[in-house]
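Structure at a glance
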Amino acid sequence: MPEPHVAVPGLAEVLAPLPAHRRELFEARLARWRPDLDAALGPLYAAATDVGDRLVLLAARAFASRSDALHRLDLERTLAPDWFQRPDVVGYAAYTERFGGTLAGVAERAAYLEGLGVRYLHLMPLLTPRPAPNDGGYAVMNYRSVRSELGTVADVEALTGALRERGISLCLDLVLNHVAREHEWARRAVAGEQRYRDYFLVFEDRALPDAYERTLPEVFPDFAPGSFSHDEELDAWVWTTFNDYQWDLDWSNPAVLCELADVILFWANHGVEVFRLDAIAFTWKRMGTNCQNQPEVHALTQALRTVARMAAPAVLFKAEAIVGPADLVPYLGQGEHHGKVSDLAYHNSLMVQLWSMLATRDVWLASRALQQLPPPPTTTAWVTYARCHDDIGWAIDDEDAAAVGVTGHGHRAFLSDFYSGEFPGSWARGLVFQENEETRDRRISGSLASLAGLEVGDPAAPARVRLAHALVLGFGGLPVIWMGDELGLLNDAAWDEVAEHAEDNRWVHRPVMPWPADGSDPTDAHGIADDLRRIVAARRALPHLHASVGSEVLDPSDPGVLLVLRRHPLGPMLGAYNVTGSPRPVPVDVLHSVGLDPADVVDRTTGERPVVRGGAVLLPAYGVAWLTSGV
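This write-up is about the structure you can find in this document.

The rules behind the values
Residues numbered from 1 in each chain as written. Predicted model: local features only at pLDDT ≥ 70, side-chain atom pairs only at ≥ 80, totals over all residues. Heavy atoms only, no water. Helix = DSSP H or I, 4+ residues; strand = E, 2+ residues; numbered from the N terminus. Buried < 20%, exposed > 50% of the residue type's maximum accessible area, 1.4 Å probe, protein only. Contact = heavy atoms within 4.5 Å. Areas by Shrake-Rupley, 256 points an atom, 1.4 Å probe, with all protein chains shown as cover. Lys, Arg positive; Asp, Glu negative; His and termini not counted. Charge placed at Lys NZ, Arg CZ, Asp CG, Glu CD. Pairing = 2+ DSSP bridges. Axes fitted to C-alpha atoms, helices over the stretch in contact; angles between N-to-C directions. Parallel < 35°, antiparallel > 145°, perpendicular 65-115°, else oblique. Left-handed = near helix turned anticlockwise from the far one by under 90°. Nonpolar A, V, L, I, M, F, W, Y, C, P; charged D, E, K, R; others polar. Expected span 1.5 Å × (residues − 1). Bend = angle between axes of the 7 residues up to and from the residue. Phe/Tyr/Trp six-rings, centres within 6.5 Å; stacked < 30°, edge-to-face > 60°. Polar contact = N/O pair within 3.5 Å; in protein donor to acceptor, adjacent residues only side chain to side chain.

Some thoughts on the overall build of the protein
Summing up its helical and strand segments, the protein has 22 helices and 25 strands in all. Projected onto its principal axes, the C-alpha positions of the protein cover 75 × 60 × 55 Å. For the protein, buried positions account for 61% of its 631 residues. Counting only contacts in the protein whose residues sit at least 6 apart along the sequence, the fraction spanning at least 24 positions is 71%. When the accessible surface of the protein is summed, it comes to about 23500 Å², and 52% of that surface belongs to carbon and sulfur atoms. Taking the 55 positively charged and 84 negatively charged side chains of the protein as two groups, their mean positions are separated by 5 Å.

What to know about the pairing of strand S1 (residues 90–94)
Among the 5 residues of S1, 5 are classified as buried, and the element is accordingly described as predominantly covered. Taking every second residue as pointing to the same face, both faces of S1 are buried, with Val90, Tyr92 and Ala94 on one and Gly91 and Ala93 on the other. Pairing geometry for S1 and strand S17 (residues 478–482), over 3 bridges, is parallel. The residue bridging Ala93 from the neighbouring strand is Trp482, located in S17.

Examining the packing of helix H12 (residues 254–268) against helix H13 (residues 295–311)
Relative to each other, H12 and H13 sit at 40 degrees, their axes nearing to 10 Å. Taken together, the axis directions place H12 and H13 in an arrangement best described as oblique. Here H12 runs over H13; the crossing is right-handed. From H12, Leu257, Leu260, Ala261, Ile264 and Leu265 reach across to H13, where they touch Leu300, Ala303, Leu304, Val307, Ala308 and Ala311. Its residues assigned to classes, the contact of H12 with H13 comprises 11 nonpolar, no polar and no charged.

Looking at helix H2 (residues 20–41)
The first and last C-alpha atoms of H2 sit 30 Å apart over 22 residues, in line with the 32 Å expected at 1.5 Å per residue. By the largest-angle criterion, Trp33 marks the main kink of H2, which is about 40 degrees, and a proline, Pro35, follows within four residues. Within H2, burial applies to Arg22, Phe26, Arg29, Leu30, Trp33, Arg34, Asp36, Leu37, Ala40 and Leu41. Residues of H2 that are buried sit in contact with helix H1 (11–15), helix H3 (48–64), helix H4 (68–79), H12 and H13.

Brief notes about the packing of aromatic side chains
Enumeration over the complete set of coordinates arrives at 29 aromatic pairs. The interplanar angle of 35 degrees and the centroid separation of 6.4 Å between the aromatic rings of Tyr212 and Phe228 together place this pair among those described as tilted. Within this pair, whereas Tyr212 is found in helix H11 (residues 207–213), its partner Phe228 is found in strand S8 (residues 228–231), the two being separated by 16 residues in sequence. Each member of the pair, Tyr212 as well as Phe228, is classed as buried. Taken together, a centroid distance of 4.6 Å and an interplanar angle of 50 degrees make the contact between Phe228 and Trp239 tilted. With a gap of 11 residues between them, Phe228 in strand S8 and Trp239 in strand S9 (residues 236–239) connect regions that are remote in the sequence.

Points about the side chain of Ser426
Following the sequence through the fold, Ser426 ends up in the loop between helix H18 (408–419) and strand S15 (431–433). Residue Ser426 is classed as buried on the basis of its relative accessible area, which comes to 9%. Within the local environment of Ser426, its side chain forms a polar contact with the backbone oxygen of Phe418, the two atoms lying 2.5 Å apart. Excluding residues within four positions of it along the chain, Ser426 makes contact with Phe418 and Gly421.

Digging into the sheet that holds S9
Through backbone hydrogen bonds, the strands of a sheet pair up, either in parallel or in antiparallel fashion. With antiparallel pairing, the 3 strands of this open sheet are ordered in space as S7-S9-S8. Because the sheet does not close on itself, it has two edges, and the strands there are strand S7 (202–203) and S8.

Some remarks on the pairing of strand S5 (residues 169–175)
Most of S5 is tucked away: 7 of the 7 residues are buried. Across the two faces of S5 the burial is the same, with Ser169, Cys171, Asp173 and Val175 and Leu170, Leu172 and Leu174 all buried. Judged from the 4 bridges that link them, strand S2 (residues 118–123) and S5 form a sheet pairing that is parallel. Of the residues in S5, the one forming a bridge with Leu121 is Leu170. Judged from the 5 bridges that link them, S5 and strand S11 (residues 274–278) form a sheet pairing that is parallel.

Some words on unusual backbone geometry
Omega for the peptide link from Ala132 to Pro133 comes to 0 degrees, which places this bond in the cis form. Along the chain, Pro133 falls in the loop between strand S3 (127–129) and strand S4 (140–146). Unlike most non-glycine residues, Asp135 shows phi in positive territory, near 55 degrees. For Asp135, the location among the structural elements is in the loop between S3 and S4.

Structural notes on H18
In this model, H18 (12 residues) spans 17 Å end to end at C-alpha, consistent with the 16 Å of a helix rising 1.5 Å per residue. Of all the positions in H18, only Gly408, His411, Arg412, Phe414, Leu415, Ser416, Phe418 and Tyr419 are classed as buried. Phi for Gly421, located one or two positions after H18, is positive at around 80 degrees.

Below you can see the structure in the form of structure tokens.
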């Protein structure tokens with residue numbers, strides 16, 4: 001047992017009204033998690049013990065007011081901490097207004113989600129933003145209210161209860177790096193309150209901003225160049241990484257950490273189970289760097305996680321860290337933070353490599369890139385996905401590209417040409433988003449179906465969509481389906497008819513869900529949803545796909561087939577993914593090499609023995625096989 005910590009002033013008074021078993025439970029959690037809290041705070045703040053005491057009191061108050069139903073959920077999750085790693089957990093992401101109209105409307109559609117096999121629902125930004133423009137809702141004006149057109153805080157609590165009855169957990173976006181200029185903290189800073197001015201990175205002149213700018217990349221070069229804005233009311237320069245109306249918070253001020261910890265506890269007590277920590281990579285600034293992925297980011301996350309573990313251990317953290325491969329795994333914990341930071345992180349590299357493989361019909365670059373990622377802690381999981389709400393940035397590492405005989409810049413340009421439909425013979429129909437005129441780097445917007453060729457009527461498009469879904473479902477981790485991709489929804493031709501969307505073509509892949517007037521499920525014109533349900537059912541029955549089992553990407557036996565091995569105590573599982581439009585072989589020698597007997601192997605996506613011909617398992621065009629022993 002950890003050594004008892006010095007008594008926290010005021011803690012006894014907070015816990016006194018609770019029954020003895022609840023007091024004992026909190027004290028046990030405090031003994032377990034206070035050392036991790038102190039270890040995180042020590043390198044960050046001079047008065048680390050005082051900051052820790054303040055955070056413990058916040059956790060205790062939240063614990064004391066937590067409902068019996070949520071205490072029971074905490075107990076269940078404590079007994080099954082791997083719940084989110086299990087192969088029966090599949091996610092779904094959507095904008096509330098585009099999926100169900102309102103929070104109540106989402107609750108009414110919970111049966112549809114359950115029917116897809118969904119156990120985790122990520123609703124895109126719900127918290128009250130500033131009036132448009134608001135970066136798609138990520139310029140938060142109030143952390144403790146939701147957008148009025150969607151509902152109320154009470155509606156969130158009703159939704160989480162309705163979802164929980166169906167075994168579905170709600171994920172909420174929490175923007176950590178910045179707030180809207182209209183947020184109360186910013187307004188009070190403008191009004192002259194020094195306490196709140198200290199919540200932000202404020203500069204009287206351009207000397208320090210200019211010094212920082214020498215190493216800072218631009219996030220939105222088209223419409224928000226630079227990382228600092230002069231505010232007339234504040235009469236100073238303020239750090240604005242994203243837009244001039246999004247003021248970066250100063251996390252070196254411990255008051256900011258305490259404020260955001262309290263926000264997490266507020267929503268946890270309304271039933272939110274997963275927090276997507278938005279823009280987390282940007283939260284700590286250091287002169288002479290790009291001010292992303294600094295070591296303190298992981299200490300801050302560890303501090304927030306320990307506070308949540310004390311009050312609400314059912315809560316998970318998901319790092320929204322769309323960063324280079326070398327910087328990605330630390331968001332799940334490395335070194336001193338191993339297994340102590342976020343529980344989930346986006347596998348952005350898998351998404352990028354999926355689209356790269358489909359465009360080139362070659363897996364060598366993807367195999368090389370995916371092999372470079374060190375394994376995450378076994379208590380965590382990647383979030384795998386083929387598409388999300390955002391654009392696709394071509395995060396192709398120059399060294400990986402060079403290793404397979406291409407240039408990073410050239411390959412990124414090719415992918416942008418291909419998926420914007422400019423490349424001769426391309427079946428994709430995406431839109432260029434945020435082109436950098438100097439470097440010619442371009443990102444791409446577009447729905448999965450339109451990028452896969454369904455918009456132009458390519459007959460192979462449904463098979464490409466199936467391949468994409470099978471890869472994210474079979475790679476391991478927590479797979480998430482973007483709303484409408486299960487139906488093959490195309491780009492929204494009217495995306496720019498809403499005035500506030502007209503300057504952001506990412507709305508092209510955020511169409512409205514086409515619910516029939518009679519309340520039935522939307523039409524599955526291409527059989528994609530039914531196919532997805534079958535793959536989800538196959539995944540559910542495969543213990544090999546528990547996220548604690550690592551994914552080992554093998555060198556290709558055929559340049560058109562990605563091979564992913566998972567070594568489970570019950571035996572190996574070999575995932576084989578044909579990214580080409582022609583049949584491809586998986587030699588039986590490959591099966592032998594990983595411990596599979598070709599005479600006793602089953603493709604778990606179909607439940608049948610695969611076709612073995614000419615000394616190889618034959619995959620059809622864009623075919624997939626999850627091969628395990630037939631026992």
